[in-house]
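# Structural overview for review
So the chains spell out like this:
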Amino acid sequence: MTIGELAARFELPTHVLRHWESAGLLDPARHESGHRRYGPADLRRVAMILLGKEAGLGLGALREVLGSPDPMDHADLLKGHLAVLEQRIAQAQTAKELIEHALACPLRFDECPHAREQIEARIP
């Protein structure tokens, strides 16, 4: 398939696929005219790139992980990213609890004892 067909299949602009190619994530076959040609392996590769991006991996990390026959060759990179995700999840959970409490508290936010506790904890 052409770059336009592949991009349409994933609802991506073609420039994204070109960028991923320049970043070393895609290596499409070339037609004798020089036009890119994508096959089933490229479909899987784009799906893997999208999954990795959804997991928060940057293009450099994706290039390392996907460029290896065994992703566990980069276990340290993945473990480091997992720690970052766990920290983000904890922060998001704390934020969610604060918002839920603010919605349930009959007092103004700055008068709510729970909110004041959170506010005071943020002051260095």
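In the block above lies the structure referred to throughout.
Residues numbered from 1 in each chain as written. Predicted model: local features only at pLDDT ≥ 70, side-chain atom pairs only at ≥ 80, totals over all residues. Heavy atoms only, no water.

## Points about helix α3 (residues 40-54)
For α3, with 15 residues, the first-to-last C-alpha span of 21 Å sits near the 21 Å given by 1.5 Å per residue. Lining the buried residues of α3 we find α1 (3-9), α2 (14-22), β2 (36-37) and α4 (59-66). G56, located one to two residues past α3, shows a positive phi value of around 95°. (Helix = DSSP H or I, 4+ residues; strand = E, 2+ residues; numbered from the N terminus. Expected span 1.5 Å × (residues − 1). Contact = heavy atoms within 4.5 Å.)

## Examining the side chain of H81
Relative to the helices and strands, H81 is located in helix α5 (residues 75-104). By relative accessible area, H81 is classed as buried at 14%. Separated by 2.6 Å, the side chain of H81 and the backbone oxygen of A55 make a polar contact. Those residues in contact with H81 that lie beyond four places of it in its chain are A55, G56 and L57. (Buried < 20%, exposed > 50% of the residue type's maximum accessible area, 1.4 Å probe, protein only. Polar contact = N/O pair within 3.5 Å; in protein donor to acceptor, adjacent residues only side chain to side chain.)

## Some remarks on the pattern of salt bridges
Two side chains bearing opposite charge may form a pair once their charged atoms approach each other closely. Counted by the stated rule, this structure contains five salt bridges. Notably, a salt bridge pairs R30 with E21, separated by 2.8 Å at the nearest N-O pair. Classification of E21 as buried rests on a relative accessible area of 19%. A salt bridge links R108 to E111, with the shortest nitrogen-to-oxygen separation between them at 4.0 Å. Judged by its relative accessible area of 52%, R108 is exposed. E111 gets classed as partly exposed once you look at its relative accessible area, which sits at 38%. In the salt-bridge network here, residues are joined through shared partners; they are E21, R30 and R36. (Salt bridge = Lys/Arg side-chain N within 4 Å of Asp/Glu carboxyl O.)

## Describing the nonpolar core
L17, W20, V46, I49 and L62 are the most contacted members of the largest nonpolar core, which has 19 residues in total. Among the secondary structure elements, those contributing two or more residues to this core are α1, α2, α3 and α4. The leading source of residues in this core is α4, at four residues. Once residues lying within four places of it in the same chain are set aside, the contact partners of V46 are L6, F10, L12, L17, W20 and L26. (Core = buried A, V, L, I, M, F, W, Y, C linked by side-chain atoms within 4.5 Å.)

## Some points on α4
Looking only at α4, the buried set comprises L59, A61, L62, V65 and L66. Down the axis, α4 shows its buried residues gathered within 155° of arc, on one side only. Looking at the packing, one finds that the buried side of α4 touches α2, α3 and α5. (Arc of directions from axis to C-beta.)

## Notes on the layout of surface pockets
In this model, the largest pocket occupies a volume close to 190 Å³. Lining the largest pocket we find 13 residues, and of these G52, L57, L62, V65 and L66 sit closest to its centre. Sorting the residues of the lining of the largest pocket by element identifies α3, α4 and α5 as the ones contributing at least two each. Class assignment for the residues of the lining of the largest pocket results in ten nonpolar, three polar and no charged. (1 Å grid on protein atoms, 1.4 Å probe; cavity = no way out; pocket = protein on both sides within 12 Å on 5 of 7 lines; lining within 4 Å. Points joined across faces, edges and corners; volume = space filled by probe spheres on them. Nonpolar A, V, L, I, M, F, W, Y, C, P; charged D, E, K, R; others polar.)

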